[in-house]
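Residues per chain are reported as follows:
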Amino acid sequence: MIAVEQYLTLAAILFCIGLFGALTKRNIIIVLVSIELMLNAVNINLLTFARYGLAPSINGQVFTLFTMTIAAAEVAVGLAILISLYRNRNSSDVRDQDLMKW
Amino acid sequence: MVEYAWLVPFFPLVAYLLLFVLGRRAQEGIVTTLAVLASLAGFVVSLSILSQVHANGPSGPYIFHWLTVGSFDLSVGYEVTALNAMMLVVVTFVSTLVLLFSKGYMNGDKRFVVFYQYLCLFIFSMLGLVISPNLLQMYIFWELVGLCSFLLVGFWYFKPEAAAAAKKAFIVTRIGDLGLFIGIVLVFVATGTFEYSGVFQAIQSGQLNIDWMSHDNFVTLVAILIFVGAIGKSAQFPLHTWLPDAMEGPTPVSALIHAATMVAAGVYLVARAFPLFEASPDALTVIAIIGGITAIFAALIGLTQNDIKRVVAYSTISQLGYMVMALGVSAYVASTFHLMTHAFFKALLFLAAGSVIHAIHHNQDIRKMGGLWKKLPITGWTFLIGALALSGIPPFAGFWSKDEILTGALQSGNTTLFVLGLIAAFCTAFYIFRVFFLTFTGEFRGEKDVYDHAHESGSVMTLPLVLLGIMAIIAGLLNSPVTGYAFEHFMHLDGELGQVHEPSIGMMGLSTVVGLLGIGLAYLMYKSKSINAEAMANGPLRPLYLLSFNKFYIDELYHYVIVVPVVWIARILNFVDHWIVDGIVRALGEAGYVSSLGLKYSQNGQVQTYGLITLLGTVLLIGISLYVVIGGIY
Amino acid sequence: MGNLLTLIVLLPLLGALVLLFVPRNAQGQAKAIALIATFLPLIFAGSLYAGFDSGDQAMQFAVNYDWIHINHVFHDKALDIDFALGIDGLSLPFLLLTALITFLAVIVSKKTMHRAKEYFFWYLLLATGLFGCFVAVDLFLFFLFLELTLIPMYFLIGIWGGERKGPVAVKFLVYRGIASVGILLAFVGLAFAAGSVSGDLTMNLVSITDTFAKATPDQISDTFKTGIFLVLLIGILIEEAFFPFHTWLPDTHEQAPTAISMVVGGVLMKIGAYILFRIGVGILPDAVQHYAILIAVLGVINVIYAALVALVQRDWRKLLAFSAISHMGVVLLGVAAMNEAGLQGAIFMTISSGLLSGLLFLLIGLVQERTGTTMIGALGGLSKPMPIIAGFLLAAALASLGLPGMSGFISEVMAFIGAFKAFPVIAAVGTAGIVLAAVYLLWAMQRTTYGPTTVDYESVSDVRALESIPMVVLTAFVILIGVYPAILGDLVNQTILGYVTRIGG
């Protein structure tokens, strides 16, 4: 049987990979993918506590479904923005998307 | 009739309002008629009031509610006493003649109606001041009198000197008014009333109390503060500087200001509030000294002035000094008597001067006059009468009243004041006859053309001169053995104020001799020319001459000691206001702007940088909270 | 009659809404609507004056609609905020002043100015705020109306102002925004303190006043009162443009258009004084007395400092702004005295200063329109081409320097009687302002209207019929109050007696 710690560790590792990717990768698509990783890490946490938490209940699973839905929507919107950005600036590099500076 | 005393100021007020409505296009004849009739009606009512007071004694006050302040009431009203009945007659009499005279003098001026409006308002204000039964109402009219003098002195507004003189008159008298204002407010604070009667009662019963000062000191303080108002209004030293400058106004205005309305107000105030002053010997001493200084000081300046109106103006200051000095030595009757006689002969002198000025095309410099006796006989005669009255030669009006004042000064035991008064009397006789000789005798020193065209003015101008001339001769007899000291008995209807001094033949002789000496010296210097005036002015006496000619440099002194420092303080404060008070505010704004100029570079648009900083921040926050909550990171 | 109050407050708002449906270029209609929406409140205010019972200390013509109710605001207490309006002897003069000035200022506003529709829209919003401030009986409502004056003013200065309009509009907003913070803090503090005593959390002014009057020192400590008052005082000092927080006023007057200058000087800056009377003297009299010396000294500093600074101003508008500051110093002096005469003098002074500021800014506006400048040095000899305006300018200047027979004098007399009773030395220093006022006002007036006429101004025109209405009306009121002050005194007398008894008890 797999212990709670192992689920949580997996989630933590996933989250850190996602965070690292989101903060360091130059390609916007990779950044978006990294964000998905982080969301999934959160999902694992939610499911873990839904099963092994102090007060196990169905809420965690329901919430995961919500997160997945939102993640899907977010990817759709994110990709749309990405395409728009690409058209405007001719690049998918994050560093070039700095229109909001001073 | 006495209960209708309000009619006296009411008539000029109505005239003022009517003239205001009529506007600028009204005909000069109608305007003059209206104003003169109003003033004349006031004069008639005043005469009947005077006779009733003589028969039945003072009456009033008649009081009406004006304003409730919390739990106490302020009222307005009027009253009739012997003093103000006398003043009403004098003011309306002189005013009527001045209004008449102005018809000729101001003939053809574009703002003729405006001039009459102002004159009517001026007369209304003065009459209102006279019948006021309380200090507040008196102060209200007091200020209105000041306003009218401002308007009239600055009547020829396009002349910068006139504007400056008007402003100076208003501001200098207002400095005095400040003292008066504080004085009456303090009286009210101490007694809860502005009414003269209430205030006098409080003084008699020793209840003019205030918790931070003893009764006696407080009375002295209040008396002196009120007197400061009189100093400003009656042009006493050191606030006398506005009066000579006020000569920039049209001459009828000068006559009104000097004889009946403006400057008389100060002396009237001290006389009306005399019980207050009597309660404080210290205040009386101050008044006597100020009056004495003013009398001699102005007389000395008058010796050397070349403007006919200015000489007469300085004589006014000097004569007012006499009146104030008389009040200071408790010669109440003498002072009010001189106030009356002076009104007649000073109005006469000014109107006569006005007649001269009018005849020779508004030239006022006596060095450019001469020989006008032949051209202006009526003016010449009346001026001579006025000059004799002013010099105190019997039996003219000034003799009787001035004589009483000198007696009062001597008998009060203050010999210095008496000597000062005597010297001033000598100077007065000298300078007024200097003007007389230079103006009416010898050869004309101006342009010949002007002299040829000079002629006596019409009857509107000569009639007032003649009437005033008659008064200047006979008014003095009112308080003489001839009439059994009628004036004194009349004034005593108000109660025995001040002290009465026995007239003495010796005093009469002395003052007459002094007057004659002055006239004689003037004759020698300016008529027979046996003493060379020029040589005296340029000889060893030159420093003294310059001192007198430049009015003891008082104007310059005030300019450098008061005006310049105040303006500099104001400039410095303005600098402080702009660069420090507002500067700090603007610096704060600028500081915000400048710091954001630097900080904006942290906003580099790189999402990943933001993310990293957010991460670090979160970690830091968690660390801190762990440290705080658990007491350390395990 | 109570509904009249609601109408007075809401009519300008209604007018503003109607304006939104007027075509942009129908500027004449826009002005007509603004005229109606300010004239009707003037009529109503007049009828309220006619029906007002000056012997009654209570709020009259009161209306009270439940508005906001919040449960469990503080422990288990509920907070009630009502749409409560009413007037007493203190607010009625302010209401009349506001009605008068706002109407007259519309007359002065040009329908030909650019973006006139927007101008009148913001103007009517401002009017609503001003009316509301003086009739609101609920502190929350009061504050709401106070804020409502802020935003329209920002636009009115920022769009239709002079050449430095932008920064000045911001300065105005920031200053008065900060003032609002102090006032709001004080309001909330008052409400909670009163709530903790009476057990009933309300923003109603009357019940808070009653609670404070009855509360023992154990229930509401003196420290709390003085603390709250200090916070409030800072708000008031900024609101009322007192030294050292005054610098927004000269700038505002310099930049604002004439009509707005009239409203600012005539009404807007008087709100601070109103708060001082209503909240300071009405609710926290002990605290006012505690700080009496401080307030009096502050008053005297204002009187003299502002008068001296006014002495060297080159621009009429700035001079008038400093003159107003100097006059309002007398108000502080009167309030600090905390006696009948002082308080009545302070209220008189506030109203008088409102009327005179309105009048003077109007006249200077007229002069500027004709000569193109308000710089005193550039003017001269205007008596000749425009005798009527020059005459009114003279009258206004004289009234402002405290000539008897005009409103300024009686105000000064009463304020100084009060002040001399309480602190003679400080008051004596303050009287210097009377002379200084004469100096700077006469100087500026003479430079403008006396002397030889400059060639450029030989043919400028005198006042037009429409413009003469505000001029004559304001002057008439100034003289009316001066000659028969009871017309105003009787209104405020009972309220002041109420305050003074509270001080004694």
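All of these numbers come straight from a predicted model, not from anything done at the bench.

### Some remarks on the overall build of chain C
The secondary structure content of chain C amounts to 21 helices and two strands. Expected size for 505 residues packed as a compact globule is a radius of gyration near 23 Å; at 22 Å, chain C falls within 12% of this value. The C-alpha extent of chain C, read off along each of the three principal axes, is 75 × 60 × 40 Å. Split into buried and exposed, the 505 residues of chain C put 62% on the buried side.

### Focus: the overall build of chain A
Tallying secondary structure elements over chain A gives three helices and zero strands in all. In terms of overall dimensions, chain A is more spread out than a globule: its C-alpha atoms have a radius of gyration of 17 Å, far above the 13 Å expected for 102 residues. Overall size of chain A, expressed as C-alpha extent along the three principal axes, is 50 × 25 × 25 Å. A sequence separation of at least 24 residues applies to 47% of the contacts in chain A between residues at least 6 apart.

### Details of the interface of chain B and chain C
Facing 39 residues of chain B, the contacting portion of chain C comprises 42 residues. Elements with a contribution of two residues or more to the side of chain B that touches chain C: β1 (59-69), α5 (135-153), α6 (160-191) and α25 (554-599) of chain B. If one sorts the elements of the side of chain B that touches chain C by residue count, α6 of chain B sits on top with 14 residues.

### Topic: the packing of helix α15 (residues 340-371) of chain C against helix α17 (residues 407-422) of chain C
Residue and element names in this part refer to chain C. Between α15 and α17, the least distance of the axes is 7 Å, while the angle of their chain directions is 150°. Accordingly, the angle class assigned to the pair α15 and α17 is roughly antiparallel. The chirality of how α15 crosses α17 is left-handed. Along the contact surface, α15 presents Ala341, Gly342, Leu343, Gln344, Gly345, Ala346, Phe348, Met349, Ser352, Leu355 and Leu356, while α17 presents Ser407, Gly408, Ile410, Ser411, Met414, Ala415, Ile417, Gly418, Ala419, Lys421 and Ala422.

### Here we look at the pairing of β1 of chain B
Residue and element names in this part refer to chain B. Two elements, β1 and strand β2 (residues 72-80), share eight bridges in a ladder whose sense is antiparallel. Note that in β2 the partner of His65 across the bridge is Ser75. Counting the residues that bridge the hairpin from β1 to β2 gives two residues, and of these Gly70 lies at a positive phi of roughly 60°.

### Points about the interface of chain B and chain A
At the interface, eleven residues of chain B touch ten residues of chain A. Looking at side-chain class alone, the side of chain B that touches chain A contains four nonpolar, six polar and one charged residues.

### Focus on the nonpolar core
Core analysis: the largest hydrophobic core is formed by 440 residues, its most contacted members being Cys120, Ile184, Val270, Ala347, Leu348 and Ala472 of chain B together with Leu363 of chain C. Among the elements that take part in this core, α6 of chain B stands out by supplying 20 residues, more than any other. Leaving out residues up to four positions away in the same chain, Leu363 of chain C has contacts with Ile389, Phe392, Leu393, Ala396 and Met471 of chain C.

### Topic: helix α4 (residues 112-131) of chain B
With 20 residues, α4 of chain B extends 29 Å from end C-alpha to end C-alpha; this agrees with the ideal 28 Å at 1.5 Å per step. With respect to burial, α4 of chain B is a largely interior element, 19 of its 20 residues being buried.

### Side note on the packing of helix α3 (residues 82-105) of chain B against helix α20 (residues 459-474) of chain B
All names here are of chain B. For the pair α3 and α20, the least separation of the axes is 7 Å and the interaxial angle reads 150°. Classified by the angle their axes make, α3 and α20 are roughly antiparallel. Both α3 and α20 take part in a crossing whose hand is left-handed. Taking contact as the criterion, the partners of Leu97, Leu100, Phe101, Lys103, Gly104 and Tyr105 in α3 are, on α20, Val460, Met461, Leu463, Pro464, Leu467 and Leu468. Residues of the contact of α3 with α20, tallied by class, amount to ten nonpolar, one polar and one charged.

### Notes on the environment of Phe237 of chain B
Residues and elements named next belong to chain B. If you trace the backbone, Phe237 turns up in the loop between α8 (215-233) and α9 (242-245). What makes Phe237 buried here is the crowd of 22 C-beta atoms within 10 Å. Residues Phe237 and Thr294, spaced 57 residues apart in sequence, show a C-alpha to C-alpha distance of 5.1 Å. Aside from chain neighbours lying at most four places away, what touches Phe237 is Ile290, Ile293, Thr294 and Phe297.

### Here's the deal with the arrangement of the chains
By contact count, the dominant pairing among the two pairs of chains in contact is that of chains B and C. No part of chain A reaches chain C; the closest C-alpha pair between them is 22 Å apart.

### Points about the confidence of the model for chain C
Residues and elements named next belong to chain C. Chain-level pLDDT for chain C is 89 on average; 99% of the residues reach the 70-or-more range. Least confident of the elements in chain C is strand β1 (residues 60-74), whose mean pLDDT is 82; most confident is helix α3 (residues 91-108), at 93. For this predicted complex, the interface confidence comes out at an ipTM of 0.90, alongside a pTM of 0.88.

### Brief notes about unusual backbone geometry
With an omega dihedral of 5°, the bond running from Phe237 of chain B to Pro238 of chain B counts as a cis peptide bond. For Pro238 of chain B, the location among the structural elements is in the loop between α8 and α9. With an omega dihedral of 0°, the bond running from Pro394 of chain B to Pro395 of chain B counts as a cis peptide bond. Of note, Pro395 of chain B is situated in the loop between α16 (377-391) and α17 (397-411). Phi at Asn90 of chain A is positive, roughly 60°, even though this residue is not glycine. Considering the arrangement of structural elements, one finds Asn90 of chain A in the segment after α3 (59-89). Even without being glycine, Ala241 of chain C reaches a positive phi, approximately 60°. If you trace the backbone, Ala241 of chain C turns up in the loop between α8 (222-239) and α9 (248-255). What makes Ala241 of chain C buried here is the crowd of 29 C-beta atoms within 10 Å.

### Examining the environment of Ile562 of chain B
Counting through the fold element by element, Ile562 of chain B comes out in helix α25. Separated by 160 residues in sequence, Ile562 of chain B and Lys402 of chain B have C-alpha atoms that sit 36 Å apart.

### Description of α25 of chain B
Residues and elements named next belong to chain B. An ideal rise of 1.5 Å per residue puts 68 Å on 46 residues; α25 measures up with 63 Å between its terminal C-alpha atoms. When the local axis directions of α25 are compared, the greatest deviation, roughly 55°, occurs at Gly583. Of the positions making up α25, those classed as buried are Ala570, Leu573 and Asp577.

### Topic: the environment of Leu463 of chain B
By the element assignment, Leu463 of chain B lies in helix α20. Owing to 15 C-beta atoms within 10 Å, Leu463 of chain B belongs among the partly exposed residues under this scheme.

Analysis parameters
Residues numbered from 1 in each chain as written. Chains lettered and ligands numbered in written order. Predicted model: local features only at pLDDT ≥ 70, side-chain atom pairs only at ≥ 80, totals over all residues. Helix = DSSP H or I, 4+ residues; strand = E, 2+ residues; numbered from the N terminus. Rg over C-alpha atoms; globule rule 2.2 N^0.38 Å. Buried ≥ 20, exposed ≤ 12 C-beta atoms within 10 Å, placed from the backbone. Contact = placed C-beta atoms within 7 Å. Axes fitted to C-alpha atoms, helices over the stretch in contact; angles between N-to-C directions. Parallel < 35°, antiparallel > 145°, perpendicular 65-115°, else oblique. Left-handed = near helix turned anticlockwise from the far one by under 90°. Pairing = 2+ DSSP bridges. Nonpolar A, V, L, I, M, F, W, Y, C, P; charged D, E, K, R; others polar. Core = buried A, V, L, I, M, F, W, Y, C linked by C-beta atoms within 7 Å. Expected span 1.5 Å × (residues − 1). pLDDT = per-residue confidence, 0-100. Bend = angle between axes of the 7 residues up to and from the residue.

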